[in-house]
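A look at the structure
In case you want the letters, here they are:
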Amino acid sequence: MKINHINIENVLGISNADVSLDKKVTYFMGKNGAGKSSIKEAIKLALLGQPERVTLKKEYGSLIHNNGKAGVASLGLEGASSDEASFVLPKGAHSAPEFKSAMVYCLDPHLFAALKPEEKRAFLFELTGTKVNREAISKQLAEADVSATVIDSVLPMLRQGFAAAASYAEAQRKECRGAWRGVTGETYGEVKAQTWQAELPSRPDDGGNISIAELEQSLSALRATLAENNQALGAARKDRSIRTAAQTNLDALKKDASRLERVKAKIAVDDSEYDRIKADYDECALRAGTAKREGLIHDLARYLNGFVKHCSTGNDSFDREAAQAVGRYEDQHGDVLAGVARDPEAEKRLPELKAALDLMESAVRNNQRDLTICEHAAETLEKTAGNQLPGVDAIDEKIKTIEALIKTIDADIRTYSEKLEVEKNAAHAAESAEKRTKQAQEYHQQAMAWGVALDLLSPDGIPAQILRDALGPFNAMLSSVAETFDWAPVMLDGDMNLTFGDRPYQLLSESEKWRVDAVIGLTISSISNLRIVVLDRFDVLDIYGKNELIDGLDNLAADDYVDTALVMGTVKSKPDLSDFPETEVFWVEAGELANEQLLKKVA
């Protein structure tokens, strides 16, 4: 890309600079404060739209020359997607082609040396167009014994670059180590993790060595025996209950049979007394019944008697009950139609005799009931004579024996259950320990695999190998450019350290660093095919260094190595560079490019 025209109005220290560039190498020279660096910053502003001295848009106005109202930096371009690049102040309106990231280091070569190693690697991958062959990387990872799972997981991250893949691998390794720590409860260490095993919990030494299966078999047998004895105990208790009930019934029969004679004697007495009271009652009732019968009951009895004798309802049951009612009346009061004189004394005693008669009738009935019971008991005893019921003592002894056996079995079951619980807990603990050991080993292996992947994906691994292949041509070009200026070789090693000759960049003098930066800028501009470079403050070089720079740049331009090289520096007067066909010089004075009259005055 070539810049063929520069127009700067009121930007920083430049009030006006409008010039066409006819040569490939252009020097902007002048005294201190003339505005040379302002030209460089204006060019960068037009190309990248990035002010150096302010960061906020509201501050863009401060970039206008002498507090003017507006400023513009405009460039005419050849070989770009657009023929113009510009930046307007204070609006911040920017218009330019889209450039590669290498443009930053073409305009400010010293920025490359300030990059971190990983940033240099990332940039060089992009600059050299080095492609990441995922298939080849997968093969390298597999050859390092990285598992297929890890490879399949990390390969997609390579789309974002080695740094992203390495960061992912490191995160995965950290996660695996954390998982190992979660399983073990210990701080992870590669040596420790290699042989770590979960510790088995201690268990009491009871002197036995019985397996869980044997204990379960023994418990099953004991429980079966316990069930059999419980069944036998239930049967024995039921037998005892039956025998006890039978004995109780026998005792009751004996008691009833023993009362038989007493009941008979009582019956004889009670029957005699009943007959006496009944005769007395009948006599008294007869005497009481001859008296005049007055009152509703007697009237009803007479009417009912007449009905029985002279009428019929046709209902035999009713007629019979009516006749019986008349009979009961006459039993108490005598003939219904009798009219003998009333015996007041007999009538007075009649209720008392009736109550006594009722009492005796009840006693006679009870006596008959007791007689039946006693006779039945005597008959039963007579029939079962000689059939002696067995006693319960033998059964009680059997029950005690079974209960003692059950107690022993219960104790054995508890003992074996406790042993089984201990064995199961121990087996579970052993299984858990084995599982933890296996999990820890798996996490350790995964952590190691991710560690190997991390090493291979880190800058010193596969990227370094790939970069070494890319660094060869890059370093060859650095050396070629340095040789053009007759300077010491510039080299970038695998650790991204720059050297000038055999001296590290950080130990170089200011002028030596400037030489290295210039060589890097020219090399990047060539490889990126931007073919533009801006070099400010070349006045740090001594007279010999300046001459080497002027001669070398002209030769590079003649060889079409660069299309536009813009160089700024402080000198006392404009030099005559007419002997260099690819080079021209512009004098900067008080913010403007000097005209011929001013140049003569300067000379």
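Below is a summary of the structure that appears in this document. What you see is a predicted model; the values in this text were computed from it and never measured. (Residues numbered from 1 in each chain as written. Predicted model: local features only at pLDDT ≥ 70, side-chain atom pairs only at ≥ 80, totals over all residues. Heavy atoms only, no water.)

A look at the packing of helix 16 (residues 510–527) against helix 17 (residues 543–558)
Direction vectors running N to C along helix 16 and helix 17 enclose 5°, while the axes themselves pass 13 Å from each other. If you check the angle between helix 16 and helix 17, you find them roughly parallel. Listed contacts from helix 17 to Trp-514, Arg-515 and Leu-522 of helix 16 are Gly-545, Glu-548, Leu-549, Leu-553 and Leu-556. Taken together, the residues of the contact of helix 16 with helix 17 break down into five nonpolar, one polar and two charged. (Axes fitted to C-alpha atoms, helices over the stretch in contact; angles between N-to-C directions. Helix = DSSP H or I, 4+ residues; strand = E, 2+ residues; numbered from the N terminus. Parallel < 35°, antiparallel > 145°, perpendicular 65-115°, else oblique. Contact = heavy atoms within 4.5 Å. Nonpolar A, V, L, I, M, F, W, Y, C, P; charged D, E, K, R; others polar.)

Observations concerning helix 11 (residues 296–310)
A rise of 1.5 Å per residue sets the reference length of helix 11, with its 15 residues, at 21 Å; its end C-alpha atoms lie 21 Å apart and thus fit the reference within 8%. Of the residues making up helix 11, those classed as buried are His-298, Ala-301 and Asn-305. Viewed along the axis of helix 11, the buried residues span an arc of 55°, placing them on a single side of the element. Relative to its buried face, helix 11 has exposed residues pointing more than 90 degrees away, namely Leu-296, Tyr-303 and His-310. Looking at the buried positions of helix 11, the neighbouring elements they touch are helix 12 (316–333). (Expected span 1.5 Å × (residues − 1). Buried < 20%, exposed > 50% of the residue type's maximum accessible area, 1.4 Å probe, protein only. Arc of directions from axis to C-beta.)

What about the packing of aromatic side chains?
Centre distance and the angle of the planes are the two values used to describe a pair of aromatic rings. Summed over all chains, the structure comprises eleven aromatic pairs. Relative to Tyr-188, the ring of Trp-180 has its centre 5.2 Å away and its plane inclined at 85°; by these criteria the two rings are edge-to-face. Of the two residues examined, Trp-180 and Tyr-188, each falls in the buried class. On the numbers, 6.0 Å between centres and 70° between planes, the contact of Trp-180 with Trp-196 is edge-to-face. Of this pair, Trp-180 sits in helix 7 (residues 162–184) while Trp-196 sits in the loop between helix 8 (190–195) and helix 9 (212–258); the two residues are 16 residues apart in sequence, bridging distant segments of the chain. Cluster of aromatic residues (ring-pair linked, three or more members): Tyr-105, Phe-112 and Phe-123. One cation-aromatic arrangement involves Lys-419 over Tyr-416; the distance from NZ or CZ to the ring centre is 5.6 Å. (Phe/Tyr/Trp six-rings, centres within 6.5 Å; stacked < 30°, edge-to-face > 60°. Lys NZ or Arg CZ within 6 Å of the ring centre and 35° of its normal.)

A look at the layout of surface pockets
Approximately 400 Å³ is the volume found for the largest pocket. Residue lining of the largest pocket: 20 residues in total, with Ala-122, Phe-125, Gly-161, Phe-162 and Ala-163 positioned closest to the centre. The leading source of residues in the lining of the largest pocket is helix 7, at five residues. Across the lining of the largest pocket, the residue classes break down as eleven nonpolar, five polar and four charged. Quantified by volume, the second largest pocket comes out at close to 300 Å³. Along its surface, the second largest pocket is lined by 15 residues, and His-110, Trp-514, Asp-517, Asp-536 and Arg-537 are the ones closest to its centre. At the level of elements, helix 16 and strand 10 (532–535) are the ones that each hand at least two residues to the lining of the second largest pocket. Looking at the lining of the second largest pocket, the element that brings in the most residues is helix 16, giving four residues. Counted by class, the lining of the second largest pocket contains eight nonpolar, one polar and six charged residues. (1 Å grid on protein atoms, 1.4 Å probe; cavity = no way out; pocket = protein on both sides within 12 Å on 5 of 7 lines; lining within 4 Å. Points joined across faces, edges and corners; volume = space filled by probe spheres on them.)

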